[in-house]
Amino acid sequence: MSFDPLNILLLAVALVVIWRLRSVLGTRTGTEKPPFQPYDRRDSNSPKTQDTGATVLDFPQTASGDSRGGEQEDRPAVWAGYAEAGSPLAAVLEAIAARDATFTPRNFLDGAKLAYEMTLEAFAKGDKPGLKNLLSRDVFESFSRVIDQREAGGRRVEQNFVGIDKARIQSARLADTMASITVEFVSELITATYDRSGELADGDPKHISRVTDVWTFERDVSSRNPNWKLVATEAPA
């Protein structure tokens, strides 16, 4: 039997190629991982491996799922810091909060102080449109008469609002859905009134006066309008 030298050479090359492929690719043993399919849908119910090194955010639990056995921290009463326990004022503030979930004495006083400053500045300037949104009809008409008399007499007021030293809730009342709260303000103002000729008629442009006012604000707590309006002013007792 004769062998063709060319056939022997081709067989040797084929053996070398097969050997190299086996050394690179290896052989299947049945334990290989399946090939990665990036577009296959993942089973959302399959367990996921947790990364123990990740940061865990512990969100607050509701009352039913509280890790402390469902107990919640006691919140201070709505009147705390603004009225004495067991006082009529505390009872009314609590009643107002029960009718209006957005009410707190702190928020009310913040708004009352802003309204106080805006009212004084508008009154000094004779700004009736600015006053109209802050005052009840009766108080607006009273303020308007004073502004008219001042302008008729040729008088002009210059005022510098320095600040509020104190704002304290004196009393409160709730009649059906109508709530009224009386506040004592202690403020510092610089006020000067000039006559028609520009001469100083009252006050002192260089002197800071300490002023005490007692104002009563009113609001229907069943209304969607959150604004309180000034319904009465009085001299301090």
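Above this text is the structure in question.
Please read all numbers here as calculations on a predicted model, not as lab measurements.

J.: I would appreciate a short explanation of the pairing of strand β2 (residues 178–194) in the present structure.
T.: Regular strands show a simple pattern: their side chains alternate between the two faces of the sheet. Judged by how many residues are buried, β2 sits mostly within the fold: 14 of 17 residues are covered. Pairing geometry for strand β1 (residues 156–175) and β2, over 17 bridges, is antiparallel. Along β2, the bridge assignment pairs Q159 with T191. Linking two consecutive strands that pair antiparallel, namely β1 and β2, is a turn of two residues; a positive phi of about 60 degrees is found at D176 within it. Relative to strand β4 (residues 209–220), β2 is paired through 12 bridges, and the arrangement is antiparallel.

J.: Help me understand the packing of aromatic side chains in this model?
T.: For any two aromatic rings, the description comes down to two numbers: the centre-to-centre distance and the angle of the planes. Inspection of the entire model under this criterion finds 11 aromatic pairs. When the ring of F103 is compared with that of F108, the centres are 6.4 Å apart and the planes differ by 50 degrees; the resulting orientation is tilted. The same class applies to F103 and to F108, which are both buried. Consider the rings of F108 and F217, whose centres lie 6.1 Å apart with planes at 85 degrees: the pair is edge-to-face.

Conventions adopted
Residue numbers restart at each chain and count upward from 1, following the sequence in its written direction. Local features are withheld for residues below a pLDDT of 70 in this predicted model, meaning they are given only at 70 or higher, and side-chain atom pairs are given and counted only at 80 or more; totals for whole chains, interfaces and linings count all residues. Neither water nor hydrogens contribute to the side-chain values; these are computed over all heavy atoms in the structure. Throughout, exposure labels follow a simple rule: accessible area from a 1.4 Å probe, protein chains only, divided by the maximum for the residue type, with under 20% read as buried, over 50% as exposed, and the rest as partly exposed. Secondary structure elements follow DSSP: runs of H or I no shorter than four residues count as helices, runs of E no shorter than two count as strands, and numbering proceeds from the N terminus. One requirement defines pairing of two strands: DSSP has to find at least two bridges between them. Classification of ring pairs uses Phe, Tyr and Trp, with its six-membered ring standing for Trp, and accepts pairs whose centres are within 6.5 Å; under 30 degrees between planes counts as stacked, over 60 as edge-to-face, and the remaining range as tilted.

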